[in-house]
Amino acid sequence: MNLSALYCLPLLGMAFVVSAQPASQVDPASAPAATSVAPAVAGCGRISVFDVAPRSKDLYRARLMNVDGELPGPTSARSFRVSAGKHTLEVAEAIDDNQFTGMQLRQRVQQSDRYKTIELDVQPNTTYLLAAHLIEANRSDIIGQTYWEPVIYQHNSEACK
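Scope of this entry: the structure provided in the associated data block. (Residues numbered from 1 in each chain as written. Predicted model: local features only at pLDDT ≥ 70, side-chain atom pairs only at ≥ 80, totals over all residues. Heavy atoms only, no water.)

Next up on the list: the environment of G45. With respect to the helices, strands and loops of the structure, G45 is situated in strand β3 (residues 44-48). Take G45: its relative accessible area is 0%, and that puts it in the buried class. Each C-alpha atom, one on G45 and one on D121, is 9.9 Å from the other, the two residues being 76 residues apart in sequence. Those residues in contact with G45, other than ones at most four positions away along the chain, are F80, R81, V82, V122, Q123, T126 and C160. (Helix = DSSP H or I, 4+ residues; strand = E, 2+ residues; numbered from the N terminus. Buried < 20%, exposed > 50% of the residue type's maximum accessible area, 1.4 Å probe, protein only. Contact = heavy atoms within 4.5 Å.)

The structure is reproduced here in structure tokens:
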């Protein structure tokens with residue numbers, strides 16, 4: 001093999017050695033399309049909906065519906081990996097039914113838009129705990145949706161791989 005015909009292609013901190021072929025021997029139909037390598041992501045973090053929110057602070061389970069308009073992952077997941085940076089989260093409340101009267105429960109079910117958004121600036125290697133905060137003063141305003149707000153009630157340093 002002729003070493004002058006070898007090229008090193010960087011790919012995310014790794015180098016692959018590729019043997020060059022003269023252009024006359026390359027079939028254009030089988031040649032890979034040229035792609036640009038995106039810069040490495042500056043890190044990642046996690047958003048957790050694991051239900052450990054303290055009820056003594058009126059914090060309840062929340063459901064992460066989407067992140068930046070995209071589904072975050074399997075519905076059974078309790079932790080979602082996201083890139084570091086700013087994100088818009090769409091959240092649904094899952095407040096315990098025993099916090100509401102029968103009429104309020106019916107109103108909750110009839111809501112056409114039950115989601116709220118929250119902005120989050122994710123720092124690398126950080127896990128954010130998401131919850132629905134029940135606002136006692138507005139508990140009866142189910143129709144106006146002022147009875148709850150999505151909140152990040154805790155964040156922990158944790159390696160994100």
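Below, the discussion takes up the pattern of salt bridges. One pass over the full model with this rule turns up six salt bridges. Close ionic contact of R108 with D97 constitutes a salt bridge, the shortest N to O distance being 3.2 Å. One end of the pair, R108, is in helix α1 (residues 102-110); the other, D97, is in the loop between β6 (85-94) and α1, and 11 residues separate them in sequence. Take R108: its relative accessible area is 6%, and that puts it in the buried class. Measuring nitrogen to oxygen at the nearest pair gives 3.1 Å for the salt bridge that ties K116 to E149. Linking K116 in strand β7 (residues 115-122) with E149 in strand β9 (residues 148-157), this pair joins segments that are 33 residues apart in sequence. Accessibility expressed as a relative area gives 14% for K116, which makes it buried. For E149, a relative accessible area of 34% translates into the label partly exposed. (Salt bridge = Lys/Arg side-chain N within 4 Å of Asp/Glu carboxyl O.)

Further remarks concern the packing of aromatic side chains. One pass over the full model with this rule turns up one aromatic pair. On the basis of an interplanar angle of 90° and a centroid distance of 5.7 Å, the ring pair of F100 and Y147 is categorised as edge-to-face. Remark: Y147 occurs in the loop between β8 (126-134) and β9 and F100 occurs in the loop between β6 and α1; sequence separation between them is 47 residues. For F100, a relative accessible area of 8% translates into the label buried. Across the ring face of W148, the terminal group of K116 is positioned such that the distance to the ring centre comes to 5.2 Å. (Phe/Tyr/Trp six-rings, centres within 6.5 Å; stacked < 30°, edge-to-face > 60°. Lys NZ or Arg CZ within 6 Å of the ring centre and 35° of its normal.)

Attention now moves to the environment of N66. You can see N66 is positioned in strand β4 (residues 59-67). Given the relative accessible area of 14%, N66 is considered buried. Measuring from C-alpha to C-alpha, the distance between N66 and E90 comes to 5.2 Å, with 24 residues separating the pair along the chain. With sequence-adjacent residues up to four places away left out, N66 is seen in contact with L71, P72, T88, L89 and E90. In terms of polar contacts, N66 uses its side chain to reach the backbone amide nitrogen of G69, at 3.2 Å. (Polar contact = N/O pair within 3.5 Å; in protein donor to acceptor, adjacent residues only side chain to side chain.)

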